[in-house]
Amino acid sequence: MKLIGSLTSPYVRKARIVAAEKRVEYAWEPHNVWAPENPVPDYNPLGKVPVLVLDDGTALYDSRVICEFLDSVSPIGKLIPADNRERIEVRRWEALADGALDAGVLARLEGQRPAAERSASWIDRQMGKVARSLDAMDIQIGTRPWCHGAAFTLADVAVGACVGWFDFRFPQLEWRKDRPNLARLAVKLAERPSFAETAPRE
Ligand SMILES: N[C@@H](CCC(=O)N[C@@H](CS)C(=O)NCC(=O)O)C(=O)O
C-alpha cells in the first residue's frame, strides 16, 4: 500500500505515527495539495491528504479512517480500545485534537490572504476554538500519564500531532504557557521514535 501525503500535514502525521507504532510498512508518495496539477483529487475527491491506497487500488481517507484501518491490520499495540465506551472516549479525544487543527488551519489560511481581504474576526473565532480546545486537553489530562486510561492510544497520537503542528506553524501561540499537563505529555510523546521520525518539516 502507499500513503499519499506531505511532511507538513498534521493529519498525515497521525497516519504515519500510527503506521510506525503498528510496524506497518507502506510506500511514501509525497504531493503538494496546493500545487495546481497535483494528482490527489484522482484518489480523494476532497483533494486532501492523507490518502492510503491499498494494494487492490482502494483509496482510503480521511486520517480517522486510515488510522482505524491501520490499527486493525496488525494486532501489535492496539491504539483503539475494543470496549465501546473506551473506544468512543478515544475517538472523542481524536475529534477534539483534529477539530483544534481544523480551526488552526482555517486561521492560518485566512492569515495568508491579502490584508484587504482578511477577516480578523474570523481568525479570532478560529483561534478561540484552538485556545478552548487546548485548555480542555490540559484539564482533562490532569495528572494522568496519557490522554485516556493507563496506556498510549490514538488519543495521544492525535493530541501529539495537534500540538506539534501548533509548534511548527504557530510558535507565537506559546501554547505551553498555563497548560503544564499538556506540555508534560508533549515532552513524553516527542521521545517516542514514531513522533521523532515524523516531526513536521518543509
Ligand atoms: N479531516 C481530514 C483533514 C485533511 C486535510 O485538511 N489535509 C490538508 C493538509 S494539512 C489538505 O490536504 N488540504 C488541502 C485542501 O484543503 O484543499 C483528515 O483528517 O484527513
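Higher on the page you've got the structure.
Residues numbered from 1 in each chain as written. Predicted model: local features only at pLDDT ≥ 70, side-chain atom pairs only at ≥ 80, totals over all residues. Heavy atoms only, no water.

1. Remarks on the site of the ligand
Phase 1: Every residue near the ligand is listed here: Ser-9, Pro-10, Tyr-11, Val-33, Trp-34, Gly-47, Lys-48, Val-49, Pro-50, Asp-62 and Ser-63.
Phase 2: Val-49 is positioned such that a nitrogen or oxygen atom in its backbone is 2.9 Å from a nitrogen atom of the ligand.
Phase 3: A distance of 2.6 Å separates an oxygen atom of the ligand from a polar atom in the side chain of Ser-63.
Phase 4: Looking at the shell around the ligand residue by residue, the classes come out as 6 nonpolar, 3 polar and 2 charged. (Near = heavy atom within 4 Å. Polar contact = N/O pair within 3.5 Å; in protein donor to acceptor, adjacent residues only side chain to side chain. Nonpolar A, V, L, I, M, F, W, Y, C, P; charged D, E, K, R; others polar.)

2. Examining the nonpolar core
Phase 1: Formed by 49 residues in total, the largest nonpolar core has its most connected members in Met-137 and Phe-166.
Phase 2: Among the secondary structure elements, those contributing two or more residues to this core are α1 (10–22), α3 (63–73), α4 (84–111), α5 (120–141), α6 (154–169) and α7 (180–190).
Phase 3: Of all the elements, α6 adds the most residues to this core, at 9 residues.
Phase 4: Each residue touching Met-137, except ones within four places of it in the same chain, is listed here: Trp-93, Leu-96, Ala-97, Ala-100, Val-159, Cys-162 and Leu-182.
Phase 5: Counting 6 residues, the second-largest nonpolar core is a separate cluster that includes Ile-4, Val-40, Val-49 and Val-53. (Core = buried A, V, L, I, M, F, W, Y, C linked by side-chain atoms within 4.5 Å. Buried < 20%, exposed > 50% of the residue type's maximum accessible area, 1.4 Å probe, protein only. Helix = DSSP H or I, 4+ residues; strand = E, 2+ residues; numbered from the N terminus. Contact = heavy atoms within 4.5 Å.)

3. As for the packing of aromatic side chains
Phase 1: Taken as a whole and judged by the stated rule, the model has 5 aromatic pairs.
Phase 2: Ring geometry for Phe-166 versus Phe-170: centroids 5.8 Å apart, planes at 45°, classification tilted.
Phase 3: Relative accessible area serves as the criterion here: at 11%, Phe-170 is assigned to the buried category.
Phase 4: An aromatic cluster is built from Trp-146, Phe-152 and Phe-195, whose rings are joined through pairwise contacts.
Phase 5: Against the face of Trp-93 rests Arg-92, its NZ or CZ located 5.6 Å from the ring centre.
Phase 6: When the ring centre of Phe-152 is taken as reference, the NZ or CZ atom of Arg-192 above it lies at 3.6 Å. (Phe/Tyr/Trp six-rings, centres within 6.5 Å; stacked < 30°, edge-to-face > 60°. Lys NZ or Arg CZ within 6 Å of the ring centre and 35° of its normal.)

4. A short note on the packing of α4 against α5
A packed helix pair is summarised by two numbers, namely the angle formed by the two axes and the spacing between the axes.
Phase 1: At a closest axis distance of 8 Å, the pairing of α4 and α5 adopts a crossing angle of 150°. The orientation of α4 relative to α5 falls into the category roughly antiparallel. Of the two elements, α4 crosses α5, and the hand of that crossing is left-handed. Seen from α4, the contacting residues are Arg-92, Trp-93, Leu-96, Ala-97, Ala-100, Ala-103, Gly-104, Leu-106, Ala-107, Glu-110 and Gly-111; seen from α5, they are Trp-122, Ile-123, Gln-126, Met-127, Lys-129, Val-130, Ser-133, Ala-136, Met-137, Gln-140 and Ile-141.
Phase 2: Along the lines of polarity and charge, the residues of the contact of α4 with α5 split into 14 nonpolar, 5 polar and 3 charged. (Axes fitted to C-alpha atoms, helices over the stretch in contact; angles between N-to-C directions. Parallel < 35°, antiparallel > 145°, perpendicular 65-115°, else oblique. Left-handed = near helix turned anticlockwise from the far one by under 90°.)

5. Focus on the environment of Val-53
Phase 1: Structurally, the position occupied by Val-53 is in strand β3 (residues 51–53).
Phase 2: Separated by 26 residues in sequence, Val-53 and Ala-27 have C-alpha atoms that sit 9.6 Å apart.
Phase 3: Filtering out sequence-adjacent residues up to four positions away, Val-53 remains in contact with Met-1, Lys-2, Ile-4, Tyr-43, Thr-58 and Ala-59.

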